[in-house]
Amino acid sequence: YDDFNFDVNIEKNPTTTFDLVSKKAENYDPATQIMDWSFTTNRYSNVPITGLTITDTLSPDIMALNIGSLKYTKDGSEQKKEIPKDSADADGVYYTYDSGTGQLVIYCKEIEEGHYFTFDFSTKVVNPEVLSQQGQRTVENSAEIQATAGSTPVNKTISGEKSIDNTLVTKVTDGDYDYSNP
């Protein structure tokens, strides 16, 4: 066995798949055309996230952002905090908004391993194609995500959608009409 050389070189490069951020269309109120949206970050991951930006373009002719609705929670807390504009709070969270383009950007400096954030906001659906038609219509929206998960840069597009009931006309009787005596 002296003339037998045995060399082994094993490289292990595991890949992990997880949802860095998910987007969900929540409630819709047909009387006010208000739709609630949420982003949940790092929900099922034990990877720290740094430099998170969520860029969501809410086209002003489709959806109008309700600025006062921008809130967030940490680790599922019931206490919602307002997302400050233009400068970070103690959690490293803030947003910018360009009303001309409808571009909303939510920033989060760091999400520690084992923690998660949920960002909530509301929009008013103003899309004439949706609001001028009777029945079920789908409202959808996507956002661009950039962050570093652990040591891996992540750039991806996420989207959310909701089928909404758009009742334009209903007919009911007032009970006073006598059908036997027209």
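A brief report on the enclosed structure follows. Treat the numbers as computed from the prediction; the structure is a model and nothing was measured.

**A closer look at the overall build of the chain**
Working step 1: From N to C terminus, the chain includes 1 helix and 10 strands.
Working step 2: Helices and strands in the chain line up, N terminus first, as β-β-β-β-β-β-β-β-α-β-β.
Working step 3: Counting over 182 residues, the chain shows a buried share of 32%.
Working step 4: Put simply, 65% of the contacts in the chain that link residues at least 6 apart link residues at least 24 apart.
Working step 5: Per element, the accessible surface of the chain, about 11,800 Å² overall, is 45% carbon and sulfur.

**Looking at the sheet that holds strand 1 (residues 21–29)**
Working step 1: Pairing within the open sheet is antiparallel, and its 5 strands lie in the order 1-2-8-4-5. Both edges of this open sheet fall to strand 1 and strand 5 (81–82), since each of them pairs with a single strand only.
Working step 2: Note: strand 2 (residues 34–41) against strand 8 (residues 117–125), 8 bridges, orientation antiparallel. Each bridged residue has a counterpart across the sheet, and for Asp-36 the counterpart in strand 8 is Ser-122.

**Here we look at unusual backbone geometry**
Working step 1: A positive phi angle is found at Gln-33, which is not glycine, with a value near 60°.
Working step 2: Note on placement: Gln-33 falls in the loop between strand 1 and strand 2.
Working step 3: Within the chain, Asp-75 stands out as a residue other than glycine whose phi angle is a positive 55°.
Working step 4: Tracing the backbone shows Asp-75 in the loop between strand 4 (63–74) and strand 5.
Working step 5: In this structure Asp-75 comes out as partly exposed when scored by relative accessible area, which is 32%.

**Some thoughts on the side chain of Asp-56**
Working step 1: In this structure, Asp-56 sits in strand 3 (residues 49–57).
Working step 2: In terms of polar contacts, Asp-56 uses its side chain to reach the side chain of Asn-141, at 3.5 Å.
Working step 3: Other than its neighbours up to four places away in sequence, Asp-56 contacts Lys-23, Phe-39, Gly-102, Gln-103, Leu-104, Phe-121, Asn-141, Ser-142 and Ala-143.

**Quick notes on the packing of aromatic side chains**
Working step 1: With the rule as written, the count across this model stands at 5 aromatic pairs.
Working step 2: Ring geometry for Phe-117 against Phe-119: centres 6.0 Å apart, planes inclined by 15°, an arrangement best described as stacked.
Working step 3: The exposure class assigned to Phe-117 is buried, which follows from its relative accessible area of 1%.
Working step 4: A cation over a ring is seen here: Lys-23 above Trp-37, with NZ or CZ 4.7 Å from the ring centre.

**Here we look at the nonpolar core**
Working step 1: Counting 36 residues, the largest nonpolar core has Phe-39, Leu-52, Ile-54, Leu-104 and Phe-119 as the members making the most contacts within it.
Working step 2: When residues in this core are grouped by element, the largest group, 5 residues, is from strand 9 (residues 135–149).
Working step 3: With sequence-adjacent residues up to four places away left out, Ile-54 is seen in contact with Val-21, Phe-39, Thr-41, Leu-104, Val-105, Ile-106, Phe-119, Ala-143, Glu-144 and Ile-145.

**Some thoughts on the side chain of Ser-122**
Working step 1: Following the sequence through the fold, Ser-122 ends up in strand 8.
Working step 2: Within the structure, the side chain of Ser-122 is placed 2.6 Å from the side chain of Asp-36, a separation counted as a polar contact.
Working step 3: Not counting the four nearest positions on each side in its chain, Ser-122 is found in contact with Ile-34, Met-35, Asp-36, Ala-64, Leu-65, Asn-66 and Ser-69.

**Description of the pairing of strand 4**
Working step 1: Two elements, strand 4 and strand 8, share 8 bridges in a ladder whose sense is antiparallel. Counted as the bridge partner of Met-63 is Val-125 from strand 8.
Working step 2: For strand 4 and strand 5, the ladder comprises 2 bridges, and the chain directions are antiparallel. Paired with Tyr-72 across the strands is Lys-81, a residue of strand 5.

What counts, and at which threshold
In this convention, every chain numbers its residues from 1, walking through the sequence in written order. The predicted origin of the model limits local features to residues at a pLDDT of at least 70 and limits the giving and counting of side-chain atom pairs to 80 or more, whereas totals for whole chains, interfaces and linings rest on all residues. Calculated side-chain values reflect all of the structure's heavy atoms, with hydrogen atoms and water omitted. Where helices and strands are cited, they refer to DSSP runs of H or I of at least four residues and of E of at least two residues respectively, numbered from the N terminus. When accessible area is computed with a 1.4 Å probe and restricted to protein chains, residues below 20% of their type maximum are described as buried, those above 50% as exposed, and intermediate ones as partly exposed. Residue contacts follow a heavy-atom distance rule, with two residues in contact if any of their heavy atoms lie within 4.5 Å. A 1.4 Å probe and the Shrake-Rupley method give the accessible areas. Residues count as covered only by the protein chains that appear here. At least two bridges found by DSSP between two strands are what make those strands a pair. Pairs of N or O atoms within 3.5 Å make up the polar contacts considered here, provided that, within protein, one atom can donate a hydrogen while the other can accept it, and that residues adjacent in sequence are counted only when both atoms are side-chain atoms. Stacked, edge-to-face and tilted are the three classes for Phe, Tyr and Trp ring pairs, Trp counted by its six-membered ring, which pair at centre distances within 6.5 Å; planes under 30 degrees apart are stacked, over 60 edge-to-face, the rest tilted. Each ring is checked for a lysine NZ or an arginine CZ that lies within 6 Å of its centre and within 35 degrees of its normal; such an atom marks a charge sitting over the ring. The criterion is simple. A nonpolar core is a set of buried Ala, Val, Leu, Ile, Met, Phe, Trp, Tyr and Cys residues joined through side-chain atoms within 4.5 Å.

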